[in-house]
Amino acid sequence: MTTTDKMIARRDGAIGTLTFNNPARHNAVSLEMWQACAEIMNDFSADPAIRVVIITGAGEKAFVSGADISKFAEERASNNGADTYNKAVEAGYASVYNCPKPTIAMIRGYCVGGGMGLASCCDIRICTENSRFAVPAAKLSVGYGYPGVKRLLDIVGPSFTKEIFYTARQFDAEEARTMGFANRVVPDDQLETYVRDYAATIAGNAPLTIGSIKFIVGEIVKDESARDMAKCHAMVDKCFASSDYEEGRKAFMEKRKPVFTGK
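Residues numbered from 1 in each chain as written. Predicted model: local features only at pLDDT ≥ 70, side-chain atom pairs only at ≥ 80, totals over all residues. Heavy atoms only, no water.

Draft legend 1. How the structure looks around the overall build of the protein chain. Tallying secondary structure elements over the protein chain gives 10 helices and 10 strands in all. Projecting the C-alpha coordinates of the protein chain onto the three principal axes gives extents of approximately 60 × 45 × 40 Å. Relative to its 263 residues, the protein chain shows a buried fraction of 43%. If you take every contact in the protein chain between residues at least 6 apart in sequence, the share linking residues at least 24 apart comes to 68%. Per element, the accessible surface of the protein chain, about 13,600 Å² overall, is 55% carbon and sulfur. (Helix = DSSP H or I, 4+ residues; strand = E, 2+ residues; numbered from the N terminus. Buried < 20%, exposed > 50% of the residue type's maximum accessible area, 1.4 Å probe, protein only. Contact = heavy atoms within 4.5 Å. Areas by Shrake-Rupley, 256 points an atom, 1.4 Å probe, with all protein chains shown as cover.)

Given below as structure tokens:
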């Protein structure tokens, strides 16, 4: 795995946490950080002990504020450099979006540009009351490709997607919730506890059920001709054929908390 002090991977039981650790620059992301993001997320995805992944930014001021402009001269000065950088960004996004485990964006402060792109790749977004959101592309004449626009549109719909890009302004946490971008808005001093408890709740539920729902929802947002309906049906059948299904029924009858193994 790529190691860098700008990216921190932590395991706490069934919960994995990925932290973008560049607080001096509001967690702006360099090429090296995007590469490490993909490797860490792929490692979490392959680890059967991890059932939920939390993605967050270090410090009190930002989740992720987009690209680290101070690195552009060395990372994006040439066409080849720009192509390498863009591929690393999309690989980082894809590693989050395609993670088979539930992903939660824990957002404090600014969630701007690439930060909104990253949060859009997560299943759930929980932010503080003081969080701020924006995609300032139209202020810089920056183009956004189809994958990133679609991920945002799948969350907030066409009209809000256009408003976010057309105005390029900052939206507050309540506006983000109204749009459907923020699932939950909590007081700043409660964010980490709230998210950890939420992740623990998810981790305690049946992994096969959760995995099937994540896959099926992912298929629903695809064009109908591209959907893998056979796998959708197979994943549902696997739930009913599992020992976890037996455990869930027994635990219900015995009025106790079930212990799921994902088998």
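Now that the structure has been shown, the text picks up again.
Draft legend 2. Highlighting the pairing of strand β2 (residues 15–20). Counting buried positions along β2 yields six of six residues, so the element is predominantly enclosed. Alternating residues of β2 divide into Ile15, Thr17 and Thr19 and Gly16, Leu18 and Phe20, and every residue in both groups is buried. Pairing analysis gives six bridges linking strand β1 (residues 7–12) to β2, with the strands arranged antiparallel. The partner of Ile8 across the bridge, within β2, is Thr19. Hairpin connection from β1 to β2: two residues lie between these consecutive antiparallel strands, with Gly13 at a positive phi of about 65°. Once the chain exits β2 it traverses helix α1 (residues 31–46) before rejoining the sheet at strand β3 (residues 52–57), and the crossover so formed is right-handed. (Pairing = 2+ DSSP bridges. Right-handed = clockwise from strand over helix to strand, strands pointing away.)

Draft legend 3. Main features of the sheet that holds strand β4 (residues 62–64). Reading across the sheet, the four strands line up as β4-β6-β8-β9 and stay open at both edges, with mixed pairing between neighbours. Where the open sheet ends on each side, the last strands, each with one partner, are β4 and β9 (171–172). Inspection of the sheet shows β4 paired to strand β6 (residues 110–112) by two bridges, in the parallel sense. Its bridge partner being in β6, Ala62 is matched across the sheet by Tyr110.

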